[in-house]
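# Survey of secondary and tertiary structure
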Amino acid sequence: TNPDENEKQQQNLPSDISIQFTEMFIKDHSNLILLFDLLDEFEFQTRWSTVKLLNQIIVNQTHQVQETILNIPRGVSRIMDLLNDSREVIRNDAILLLNNLTKTNANIQKIIAFESGFDRIMEIIDGEGSVLDGGVIVEDCFNLLLNLLQTNYSNQSFFKEANYIKKICKYLDLNSSTPSSM
C-alpha cells in the first residue's frame, strides 16, 4: 500500500482503539494469566515485552486489571520480583508498572509494602547514586513511595513502625555539606 492509503486508514480508526483492544484482551482472564506466566521467563525480549504490554494494559484499563491481578496467584509478587532483575531496563519498566498499578488500589499497595517494597525501592534509590543525580529512576521510586503511602493508613503505620522515616531522612538532607550552626 502507498503512504496516502495508510494515512487514510489511520484517520478512520477510532481514537480509543487501544482501549477497545485492551477491553477485548482482558475479557478472557487467561490472557492476563498467560502474561504473568511470561514474566517468569528470563529471556530478555520476552520479559521486557511482557512488562511493556502489561504497563499499557494497566494504563488503558486500570481498575479491571488491578482486580484481575489480585486474583492471579502471586500476581503482585511476580511484578515485585522484576525489581531484582539485573537488567536495568526491565527493572525500570517494572517501577513504572508498579506506579501505574498502585495509584488507586489499597490492597495492591498493602501487598507491595508487606513484601519488602519499601526496602526494595530504597535499595534502587541507593543504587542510583545521590538523590540529586539519580534522575528519572529516583523520581519514579519516590512517586511509588508516595503511591504506597499517600492514602493508605495501614502502609503509613507500617512505614512509621518499621522505622522507614529515619531511613528516608538521609535522602532529604540536601544541605549536609553545610556545617551546623549549633
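Residues numbered from 1 in each chain as written. Predicted model: local features only at pLDDT ≥ 70, side-chain atom pairs only at ≥ 80, totals over all residues. Heavy atoms only, no water.

### Notes on the overall build of the protein
Within the protein, the secondary structure is distributed over 12 helices and zero strands. Going from N to C terminus, the protein has its helices and strands arranged as α-α-α-α-α-α-α-α-α-α-α-α. Counting all 182 residues of the protein, 39% fall into the buried class. Accessible surface computed for the protein: about 10,700 Å², of which carbon and sulfur atoms make up 53%. (Helix = DSSP H or I, 4+ residues; strand = E, 2+ residues; numbered from the N terminus. Buried < 20%, exposed > 50% of the residue type's maximum accessible area, 1.4 Å probe, protein only. Areas by Shrake-Rupley, 256 points an atom, 1.4 Å probe, with all protein chains shown as cover.)

### Quick look at the packing of helix α3 (residues 29–39) against helix α4 (residues 44–60)
Following both chains from N to C, one finds α3 and α4 inclined at 140 degrees, their axes separated by 8 Å at the closest point. Regarding α3 and α4, the two cross each other, and that crossing is left-handed. The residues of α4 that touch α3, namely those facing Leu32, Leu35, Phe36, Leu38 and Leu39, are Thr46, Arg47, Thr50, Val51, Leu53, Leu54 and Ile57. (Axes fitted to C-alpha atoms, helices over the stretch in contact; angles between N-to-C directions. Left-handed = near helix turned anticlockwise from the far one by under 90°. Contact = heavy atoms within 4.5 Å.)

### Description of the side chain of Arg120
Along the chain, Arg120 falls in helix α9 (residues 117–127). It turns out Arg120 is buried and unbridged, and the closest side chain with the opposite charge, Asp81, is 4.2 Å from it. At a separation of 2.9 Å, a polar atom in the side chain of Arg120 contacts the main-chain carbonyl oxygen of Met80. Apart from residues lying up to four places away in sequence, Arg120 is in contact with Met80, Asp81, Leu83, Asn84 and Glu115. (Lys, Arg positive; Asp, Glu negative; His and termini not counted. Salt bridge = Lys/Arg side-chain N within 4 Å of Asp/Glu carboxyl O. Polar contact = N/O pair within 3.5 Å; in protein donor to acceptor, adjacent residues only side chain to side chain.)

### Let's talk about the environment of Leu34
Tracing the chain through its elements places Leu34 in helix α3. You can call Leu34 partly exposed: its relative accessible area is 48%. Spatially, the C-alpha atom of Leu34 lies 9.8 Å from that of Thr50, the residues being 16 residues apart in sequence.

### Section: the environment of Ile69
Mapped onto the secondary structure, Ile69 falls in helix α5 (residues 62–71). Given a relative accessible area of 1%, Ile69 falls into the buried group. C-alpha separation for the pair Ile69 and Ile33, spaced 36 residues apart in sequence, amounts to 8.5 Å. For Ile69, the contacting residues outside a window of four places in its chain are Phe36, Ile58, Gly75, Val76, Ile79 and Leu101.

### Thoughts on the nonpolar core
Of all hydrophobic cores here, the largest spans 42 residues; its most connected members are Leu32, Ile69, Ile79 and Phe118. Top contributing element to this core by residue count: helix α10 (residues 135–149), with seven residues. Ignoring any residue separated from it by four or fewer positions in sequence, one finds Ile79 in contact with Phe36, Leu39, Ile69, Ala94, Leu97, Leu98 and Leu101. (Core = buried A, V, L, I, M, F, W, Y, C linked by side-chain atoms within 4.5 Å.)

### Concerning the packing of aromatic side chains
This model, assessed by the stated rule, comprises seven aromatic pairs. An aromatic cluster is built from Phe114, Phe118, Phe158, Phe159 and Tyr164, whose rings are joined through pairwise contacts. (Phe/Tyr/Trp six-rings, centres within 6.5 Å; stacked < 30°, edge-to-face > 60°.)

### Observations regarding the confidence of the model for the protein
Mean pLDDT over the protein stands at 89; residues scoring 70 or higher make up 87%. Of all secondary-structure elements in the protein, the lowest mean pLDDT belongs to helix α1 (residues 3–11), at 63, while helix α7 (residues 88–102) reaches the highest, 97. Low pLDDT, under 50, characterises residues 178–182; the stretch is placed with zero contacts to residues that sit more than four places away or in other chains. (pLDDT = per-residue confidence, 0-100.)

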